[in-house]
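The lines below spell out each chain.
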Amino acid sequence: MSHDDESERYRVAQTALLATAPAAEPLVGQWRRRFDPSASAGVPAHVTVLFPFLDIDRITSTVVGDLRTLIGARAPFTVRFEECRRFPDVLYLAPTPDQPFRALTEEIAKRWPEAPPYEGQFTEVIPHLTVAHGQQPRIFDELEAELADQLPVTATISSVSLFVSDGHRWRHHLEFPMLDCRTPA
């Protein structure tokens, strides 16, 4: 077995802050379940805000309050997924605009510098919605051709969700809503 064995993919108590995109699920759900291991582990279609975040035993009421304040200060926004793009081992949908995701990631990572995005592996964090991971280029080619006719898909991002891993599955733990501009503060 490779070192990327499923059982080693996620640590118990690991957390992720995700902007879920339910509107994209009808388009990418079947492909994600087949070609993205996180989907079969319970993670819905999403754009990652921060992974890994603090382990669940470090998510105190203070951390929750700070996240509520930080995320709650932002207005919901609409994104369009207009095209497929690739990293070396990932086929993804690119959100337009991507700046609101970048700003959220930067702000949360600045507040919790001990939780850098992707453990600091990448100099630039590129917001993306993973469709397939770790597949042969021809699979990516086929998926991209399949998805091209069905794009764009539009999604409204109105909250950030905290997901927690038990080592095999990810479970939704908390929801942090963004500011609802319709109600007076």
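Structural data are supplied above this passage.
Note on numbering: residues in each chain are counted from 1, in written sequence order. In keeping with the predicted nature of the model, local features appear solely for residues at pLDDT of at least 70, side-chain atom pairs appear and are counted solely at 80 or more, and the whole-chain, interface and lining totals rest on all residues. No hydrogens and no water enter the side-chain calculation; it runs on all heavy atoms of the structure.

### Section: the packing of helix H4 (residues 61-72) against helix H5 (residues 99-111)
Right, on to step 1. Between N-to-C directions, angles span 0 to 180 degrees; the directions come from axes that are lines fitted to C-alpha atoms, helices contributing only their stretch in contact. Helix numbering and strand numbering both begin at the N terminus, where a helix is a DSSP run of H or I of at least 4 residues and a strand a DSSP run of E of at least 2. Contact pair H4 / H5: the axes reach a minimum separation of 11 Å and the direction vectors enclose 150°. One finds that H4 runs roughly antiparallel with respect to H5. Judged by the twist between their axes, the crossing of H4 over H5 is right-handed. From H4, Asp66, Leu67, Leu70 and Ile71 reach across to H5, where they touch Leu104, Glu107, Ile108 and Arg111.
Right, on to step 2. Ten residue types, Ala, Val, Leu, Ile, Met, Phe, Trp, Tyr, Cys and Pro, are classed as nonpolar, four, Asp, Glu, Lys and Arg, as charged, and the remainder, Gly among them, as polar. For the contact of H4 with H5, the residue count by class is five nonpolar, no polar and three charged. Should an angle fall under 35 degrees it is taken as roughly parallel, and over 145 as roughly antiparallel, whereas 65 to 115 is taken as roughly perpendicular and any remaining angle as oblique. When the near helix sits turned anticlockwise from the far one by under a right angle, the crossing is termed left-handed; a clockwise turn instead gives a right-handed crossing. Here a residue-residue contact requires only that any non-hydrogen atoms of the pair lie within 4.5 Å.

### Quick notes on the nonpolar core
Right, on to step 1. Membership of the largest hydrophobic core comes to 47 residues, with the highest contact counts inside it found for Leu17, Phe53, Leu93 and Ile108.
Right, on to step 2. For Phe53, the residues in contact, after removing those within four places along its chain, are Thr15, Leu17, Ile59, Val63, Leu67, Ile108, Trp112, Ala115 and Leu162.
Right, on to step 3. Counting seven residues, the second largest nonpolar core, distinct from the first, contains Tyr10, Val43, Phe163 and Trp170. Definition used in this section: a nonpolar core is a set of buried Ala, Val, Leu, Ile, Met, Phe, Trp, Tyr and Cys residues joined via side-chain atoms within 4.5 Å. A 1.4 Å probe rolled over the protein chains alone gives each residue an accessible area, and that area as a share of the maximum for its type sets the label: buried under 20%, exposed over 50%, partly exposed in between.

### A few points about the pairing of strand E8 (residues 170-177)
Right, on to step 1. When DSSP finds at least two bridges between two strands, those strands are taken to pair. Bridging between strand E7 (residues 159-166) and E8 involves seven bridges; their strand directions are antiparallel. The residue bridging Val160 from the neighbouring strand is Phe176, located in E8.
Right, on to step 2. Linking E7 back to E8 in an antiparallel pair, the connection comprises three residues, with Gly167 at a positive phi of about 105°.

### Side note on the packing of aromatic side chains
Right, on to step 1. Pairs were defined over the aromatic rings of Phe, Tyr and Trp, the Trp ring being its six-membered one, requiring ring centres within 6.5 Å. Orientation was assigned from the angle between planes: stacked under 30 degrees, edge-to-face over 60, tilted for the rest. Under the definition given, this model contains six aromatic pairs.
Right, on to step 2. Residues Phe51 and Trp170 carry aromatic rings whose centres are separated by 6.0 Å and whose planes lie at 65° to one another, so their mutual orientation is edge-to-face. Here Phe51, found in the loop between strand E2 (46-50) and H4, pairs with Trp170, found in strand E8; they are 119 residues apart in sequence, far enough to count as distant.
Right, on to step 3. Taken together, Phe51, Tyr118, Phe122 and Trp170 form an aromatic cluster joined through their ring pairs.
Right, on to step 4. Charge over a ring is defined by NZ of Lys or CZ of Arg lying within 6 Å of the ring centre and within 35 degrees of the ring normal. The ring of Trp112 has Arg111 sitting right over it, with the charged end atom 4.4 Å from the ring centre.

### What to know about H4
Right, on to step 1. To estimate how far a helix should extend, the number of its residues minus one is multiplied by 1.5 Å. With 12 residues, H4 extends 16 Å from end C-alpha to end C-alpha; this agrees with the ideal 16 Å at 1.5 Å per step.
Right, on to step 2. When we look at burial in H4, the residues that qualify are Val63, Val64, Leu67, Leu70, Ile71 and Gly72.

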